[in-house]
Amino acid sequence: MVKEMKLNDHTFELTGFEEREENGRLVVSVKFNVTSEDYHDVTTLLYEEVFNVSVPEKDMRFKGVITNYLTSLDNLYEEGQVGEYQVTFTEIE
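Remember, it's a predicted structure, so these values are computed and weren't measured experimentally.

**Some thoughts on the sheet that holds strand S3 (residues 25-35)**
Consideration 1: Spatially, the 6 strands close up into a barrel ordered S1-S2-S3-S6-S5-S4, and their pairing is antiparallel. Averaged over all adjacent pairs, the angle separating strand axes in this sheet is 45°, with direction ignored.
Consideration 2: Direction of pairing for strand S1 (residues 4-7) relative to strand S4 (residues 51-55): antiparallel, over a ladder of 2 bridges. Pairing of Lys6 across the sheet is with Ser54, part of S4.
Consideration 3: The sheet strands contacting helix H1 (residues 39-46) are S1, strand S2 (10-22), S3, S4, strand S5 (60-71) and strand S6 (82-91), and the helix crosses S6 at an angle near 20°.

What follows is the structure in structure tokens.
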């Protein structure tokens with residue numbers, strides 16, 4: 001299984017990874033955990049519109065946008081919390 005992804009130069013340790021092609025574009029779905037300490041930085045990053053997605057283990061790089069986004073917790077402001085994020089990126093270029 002793929003263990004790591006870079007998103008705009010921020011590295012995420014993955015707990016899940018799937019890739020497929022839709023309409024000639026690469027689609028990558030990932031799962032990763034976010035702690036309450038990292039919550040603000042991660043959510044700020046995910047508000048960006050276009051992402052440089054890199055999966056070094058697959059020698060994969062593309063520009064993408066978020067096409068699906070789910071979290072197991074919606075309030076990670078409480079100390080000591082960990083939420084699972086599920087995010088799907090679709091290639092735009």
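Picking up where we left off.
**Some remarks on the packing of aromatic side chains**
Consideration 1: Per the stated rule, a full pass over the model turns up 4 aromatic pairs.
Consideration 2: For the ring pair Phe12 and Phe32, a centre distance of 4.5 Å and an interplane angle of 45° mean the geometry is tilted. Note that Phe12 is positioned in strand S2 and Phe32 in strand S3, a separation of 20 residues in sequence. Take Phe12 and Phe32: they sit in the same class, and that class is buried.
Consideration 3: Plain terms: the ring middles of Phe51 and Phe89 are 5.6 Å apart, the flat faces sit at 75° to each other, and that makes the pair edge-to-face. With Phe51 in strand S4 and Phe89 in strand S6, the pair connects residues that are 38 residues apart, well separated along the chain.
Consideration 4: With relative accessibility at 0%, the residue Phe51 sits in the buried group.
Consideration 5: Accessibility expressed as a relative area gives 0% for Phe89, which makes it buried.
Consideration 6: In textbook terms, an aromatic cluster arises when at least three aromatic residues are bridged by ring pairs, as seen for Phe12, Phe32, Tyr69 and Tyr85.

**What to know about H1**
Consideration 1: Every buried residue of H1 is accounted for by Tyr39, Val42, Thr43, Leu45 and Leu46. Considered in projection along H1, the buried side chains sweep an arc of 160° and stay on one side of the axis.

**Notes on the pattern of salt bridges**
Consideration 1: Scanning the model with the defined rule gives 2 salt bridges in all.
Consideration 2: In this structure, the salt-bridge partner of Lys58 is Glu19, at a minimum N-O distance of 2.9 Å. Of the two residues, Lys58 sits in the loop between S4 and S5 while Glu19 sits in strand S2, which places them 39 residues apart along the sequence.
Consideration 3: Taking the relative accessible area as the measure of exposure, Lys58 reaches 41% and is therefore partly exposed.
Consideration 4: Residue Glu22 pairs with Arg20 through a salt bridge whose shortest N-O separation is 2.8 Å.

The rules behind each value
Residues numbered from 1 in each chain as written. Predicted model: local features only at pLDDT ≥ 70, side-chain atom pairs only at ≥ 80, totals over all residues. Heavy atoms only, no water. Pairing = 2+ DSSP bridges. Helix = DSSP H or I, 4+ residues; strand = E, 2+ residues; numbered from the N terminus. Axes fitted to C-alpha atoms, helices over the stretch in contact; angles between N-to-C directions. Contact = heavy atoms within 4.5 Å. Phe/Tyr/Trp six-rings, centres within 6.5 Å; stacked < 30°, edge-to-face > 60°. Buried < 20%, exposed > 50% of the residue type's maximum accessible area, 1.4 Å probe, protein only. Arc of directions from axis to C-beta. Salt bridge = Lys/Arg side-chain N within 4 Å of Asp/Glu carboxyl O.

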